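What the coordinates show
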Amino acid sequence: MNWLALASIVSAAVAVSFGAIGPALGEGRAVAAAMDAIARQPEAANTISRTLFVGLAMIETMAIYCLVIALLLLFANPLLK
Amino acid sequence: MNSPLSSVPLFHVGPVPVAAAVVVTWGIMALLVGGSVLVTRRLSLVPSKTQAAFELLVDAVDSQITETMQMAPAPYRAFVGTLFAFIFVANWSVLLPGVEPPTARLETDAALALIVFVAVIWFGVRAGGVRGYLASFAVPSPIMIPLNFLESLTRTFSLLVRLFGNVMSGVFVVGIVASLAGLLVPLPLMALDLLTGAVQAYIFAVLAMVFIAGVVADGRPVPLQPSTPQNDQRTPP
């Protein structure tokens, strides 16, 4: 185990853990706003939840990017070859 | 542990290596095509129970297209419906023991994202001609051309990464928990996996619709969407 491998493992963990914070907060805000909107206008629930799903997928992609970076570091690291 | 980014060839057809994901993909394609042929073989005006159920399905796809794209669903029904059906069945193929969903592999998702990328160009050119399609890059103003061009590439990439990341991470987590804890412990995670798979199939189809609707609406001389500011200016006071 050299320093490069150690650094890769630590960075993968840091990438996922810190990369999940922002999207988590964002998704929380989005869901809260959608709940608020549905409570005010229940007849628009269909449109709101569809837009919410798409928006959540967009936000979630940021966390997924971090996951992919972590997987690249762990499984396809060019520096460790 | 096997890397989720690489795929191991299952067998070779001549010089061509065939991975397990390809076999599952062809199985799903055979299932969908065969099922569709079987269901639509004897269509009647007074539908049987099976026909009514599938008509309900097509109706649901139609209403989603109408609500999302604000257009007549007929030209897009086949593409969007097939996209949704394939990804849905692929994500839920994890229910069969020993089958890994092909969408958990980078190659399948890359192919799907590329199909959407080409379909956006195809529908854009068909709706507004080559000139209209190219003009859709200059909306709202010509300054945005480089950004819009970049966006058409990055959103394809993000489609790919989103589907891959969601499905693959589900499979990965279930594998890790099963190896750590035992037989029945990963069951709730697998249930969550099914939910994620359904939602991701829906989102993939909706995003494809949104991209197509964007390029089709932007390529037209008169935008159809009622909420755009140009339309508001045009209405008489």
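Residues numbered from 1 in each chain as written. Chains lettered and ligands numbered in written order. Predicted model: local features only at pLDDT ≥ 70, side-chain atom pairs only at ≥ 80, totals over all residues. Heavy atoms only, no water.

The name given to chain A in an unreviewed UniProt entry is ATPase, F0/V0 complex, subunit C, with the source organism recorded as mine drainage metagenome. Regarding chain A, the UniProt comment filed under Sequence similarities (unreviewed entry) reads as follows: "Belongs to the ATPase C chain family." (UniProt positions renumbered as here; feature names shortened; annotations may be inferred.)

A look at the pairing of strand β1 (residues 9–13) of chain B
All names here are of chain B. Examined bridge by bridge, β1 and strand β2 (residues 16–19) share 4 bridges and lie antiparallel to one another. For His 12, the partnering residue across the bridge sits in β2 and is Pro 17. Where β1 folds back on β2, the antiparallel hairpin that results is connected by 2 residues, among which Gly 14 adopts a positive phi of roughly 65 degrees. (Pairing = 2+ DSSP bridges. Helix = DSSP H or I, 4+ residues; strand = E, 2+ residues; numbered from the N terminus.)

Examining the packing of helix α1 (residues 20–39) of chain B against helix α3 (residues 74–92) of chain B
Residue and element names in this part refer to chain B. The contact between α1 and α3 brings their axes to 10 Å, and the two run at 125 degrees. One element, α1, and the other, α3, form an angle in the oblique class. Read as a crossing pair, α1 and α3 show a hand that is right-handed. Facing Thr 25, Ile 28, Met 29, Leu 31 and Leu 32 of α1, the residues of α3 in contact are Ala 85, Phe 86, Val 89 and Ala 90. (Axes fitted to C-alpha atoms, helices over the stretch in contact; angles between N-to-C directions. Parallel < 35°, antiparallel > 145°, perpendicular 65-115°, else oblique. Left-handed = near helix turned anticlockwise from the far one by under 90°. Contact = heavy atoms within 4.5 Å.)

Structural notes on the UniProt feature "transmembrane region" (unreviewed entry) in chain A
If you check UniProt for "transmembrane region" (unreviewed entry), the listed places come out as residues 52–76 of chain A in our numbering. As a span, residues 52–76 of chain A carries 96% helix and 0% strand, and end to end its C-alpha atoms are 34 Å apart.

Comments concerning the packing of helix α4 (residues 106–135) of chain B against helix α5 (residues 145–181) of chain B
All names here are of chain B. It is at 9 Å that the axes of α4 and α5 come closest, and there the two elements cross at 145 degrees. The interaxial crossing formed by α4 with α5 has right-handed handedness. Between α4 and α5, the residues in contact are Leu 106, Asp 109, Ala 110, Leu 112, Ala 113, Leu 114, Val 116, Phe 117 and Val 120 and Ser 152, Leu 153, Arg 155, Thr 156, Leu 159, Leu 160, Leu 163 and Phe 164, respectively. Its residues assigned to classes, the contact of α4 with α5 comprises 13 nonpolar, 2 polar and 2 charged. (Nonpolar A, V, L, I, M, F, W, Y, C, P; charged D, E, K, R; others polar.)

Regarding the side chain of Ser169(B)
Looking at the secondary structure, you find Ser169(B) in helix α5. A distance of 3.0 Å separates a polar atom in the side chain of Ser169(B) from the backbone oxygen of Asn166(B). (Polar contact = N/O pair within 3.5 Å; in protein donor to acceptor, adjacent residues only side chain to side chain.)

Notes on α1(B)
Residues and elements named next belong to chain B. The end-to-end C-alpha distance of α1 is 28 Å, a good match for the 28 Å that 20 residues give at a rise of 1.5 Å each. Residues Ala 21, Val 24, Thr 25 and Ile 28 constitute the buried set of α1. Here the buried residues of α1 occupy an arc of 105 degrees about the axis, which is enough to place them on one side. More than 90 degrees from the buried face of α1, the exposed residues found are Trp 26, Ala 30, Val 33, Val 37 and Leu 38. The secondary structure elements touched by the buried residues of α1 are β2, α3 and α4. (Expected span 1.5 Å × (residues − 1). Buried < 20%, exposed > 50% of the residue type's maximum accessible area, 1.4 Å probe, protein only. Arc of directions from axis to C-beta.)

As for the packing of aromatic side chains
Residue and element names in this part refer to chain B. Applying the stated rule across the entire model yields 8 aromatic pairs over all chains. Taking 6.1 Å as the distance between ring centres and 55 degrees as the angle between the ring planes, the aromatic pair formed by Phe 137 and Phe 149 counts as tilted. Pair noted here: Phe 137 is in the loop between α4 and α5 and Phe 149 is in helix α5, with a separation of 12 residues, a long-range link. Owing to a relative accessible area of 48%, Phe 149 belongs among the partly exposed residues under this scheme. (Phe/Tyr/Trp six-rings, centres within 6.5 Å; stacked < 30°, edge-to-face > 60°.)

Some remarks on the interface of chain B and chain A
The figure often quoted for interface size is the accessible area lost as the parts come together. Facing the 22 residues of chain B at the interface are 15 residues of chain A. Interface of chain B and chain A: buried area, both sides summed, is about 1,600 Å²; carbon and sulfur atoms make up 76% of it. On the chain B side of the contact with chain A, Leu5(B), Val161(B) and Arg162(B) bury the most area, a combined 28% of that side's loss. Viewed at the interface, chain A and chain B are joined by 1 salt bridge. (Buried area = accessible area lost by both parts, 1.4 Å probe. Salt bridge = Lys/Arg side-chain N within 4 Å of Asp/Glu carboxyl O.)

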